[in-house]
Amino acid sequence: MTELIKTGVEGLDSILNGGIVKNAAVLISGNPGTGKSILGLQYLYNGVDKFDQGGLYLTFEETEDDIREAAESIGFDRWNEYVEAGDIKVYDKRTLLRDGDFSSTLDRILDDLQDTSYDRLVLDSLTMFQLFFDDEKEQRQYLLKFIDILKNSELTSLLTTEQSAIFPETDIGLENFLTDGNIYLIQSPAGATSNRYIWVAKMRKQSIKNSMFPLEITHGGIKIYEQAAGFSMVGESPPWFGEETE
């Protein structure tokens, strides 16, 4: 029987029919401001807070203080406590970029991951990760190596990536094909405001609810609504992407 890792995000585990397959690497794609980083923080925080599963947070763009402030501002009040206890370990931009030679830094981080006793990992973001490589071949080699080590280390991982297009089918990159699952966060303009949606497009080894569902970001993180009636929607209903799928 396939073992699933619960995200603890309200509504998401139901859409995933129980959670994410253990050891999977899942790509979280979306425009800036759609909630990718919040989802990553929430996934790690819930891991410790609800399921006694430690996590690693890798960021190329923020300092550890930035991450703590972001986590606490959204309602993850015990974030710093969990970091100080070692339940969450943060590799921030100062740690990841201090060697100057990124290949050496990445090799060191990959060595650390192989020795880890943690259960979850978030990389924020894969977009920055890929900028360090000269061509697509090198990107592919390191990304495959990185994902293999995550799996061998029994880490269930979320990898965020920036997406320039509003709708995902117009902007599909190499990373979409190398990961086990693709989740899109979409922000659609609606007059003076905007609507937010989540679409789980692919998950290997498990069935999913393959429609687009509304979400909101509140104090306490992301909430997803399987029934649109539970969400204060503005404008038209979201597009529909099909039935449950394997």
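What counts, and at which threshold
Residues numbered from 1 in each chain as written. Predicted model: local features only at pLDDT ≥ 70, side-chain atom pairs only at ≥ 80, totals over all residues. Heavy atoms only, no water. Helix = DSSP H or I, 4+ residues; strand = E, 2+ residues; numbered from the N terminus. Buried < 20%, exposed > 50% of the residue type's maximum accessible area, 1.4 Å probe, protein only. Contact = heavy atoms within 4.5 Å. Phe/Tyr/Trp six-rings, centres within 6.5 Å; stacked < 30°, edge-to-face > 60°. pLDDT = per-residue confidence, 0-100. Pairing = 2+ DSSP bridges. Salt bridge = Lys/Arg side-chain N within 4 Å of Asp/Glu carboxyl O.

1. Considerations on the overall build of the protein chain
A count of helices and strands for the protein chain gives nine helices and eleven strands. The burial tally for the protein chain puts 52% of its 246 residues in the buried class. In the protein chain, of all internal contacts separated by at least 6 residues, the share reaching a separation of at least 24 is 69%.

2. Quick word on the packing of aromatic side chains
Counting across every chain of the model gives four aromatic pairs. Plain terms: the ring middles of Tyr45 and Phe76 are 4.9 Å apart, the flat faces sit at 25° to each other, and that makes the pair stacked. One end of the pair, Tyr45, is in helix α2 (residues 36-51); the other, Phe76, is in the loop between α3 (64-73) and α4 (79-85), with 31 residues separating them in the sequence. Take Tyr45: its relative accessible area is 7%, and that puts it in the buried class. Pairing Tyr45 with Tyr82 gives two aromatic rings, centres 5.5 Å apart and planes at 50°, and the pair type is tilted. Of this pair, Tyr45 sits in helix α2 while Tyr82 sits in helix α4; the two residues are 37 residues apart in sequence, bridging distant segments of the chain. For the pair formed by Tyr45 and Tyr82, the shared burial category is buried. Among the aromatic residues, those joined into a ring-pair cluster are Tyr45, Phe76 and Tyr82.

3. Structural notes on the confidence of the model for the protein chain
Here the protein chain averages 83 in pLDDT, while 83% of its residues score no lower than 70. Confidence over residues 229-246 falls short of pLDDT 50; this stretch has 38 contacts with residues more than four positions distant or in other chains.

4. Focus on the pairing of strand β4 (residues 55-59)
The buried fraction of β4 is high, at five of five residues. Residues Gly55, Tyr57 and Thr59 of β4 are buried on one face, and the alternating residues Leu56 and Leu58, pointing to the opposite face, are buried as well. Pairing of β4 with strand β5 (residues 88-91) involves four bridges; the strand directions are parallel. Residue Gly55 lies in a different strand from β5, and its bridge partner there is Ile88. With five bridges connecting them, β4 and strand β6 (residues 120-124) associate as parallel partners. Paired with Leu58 across the bridge in β6 is Leu123.

5. So, the pattern of salt bridges
Inspection of every chain in the model, using the stated rule, returns eleven salt bridges. Between Glu72 and Arg68 there is a salt bridge, with its nearest N and O atoms 3.6 Å apart. Of this pair, Glu72 and Arg68 both sit in helix α3, four residues apart, roughly one helical turn. Look at Glu72 and you get partly exposed, because its relative accessible area is 29%. By relative accessible area, Arg68 is classed as partly exposed at 24%. Put simply, Asp92 and Arg94 hold a salt bridge, and the shortest N to O gap is 3.1 Å.

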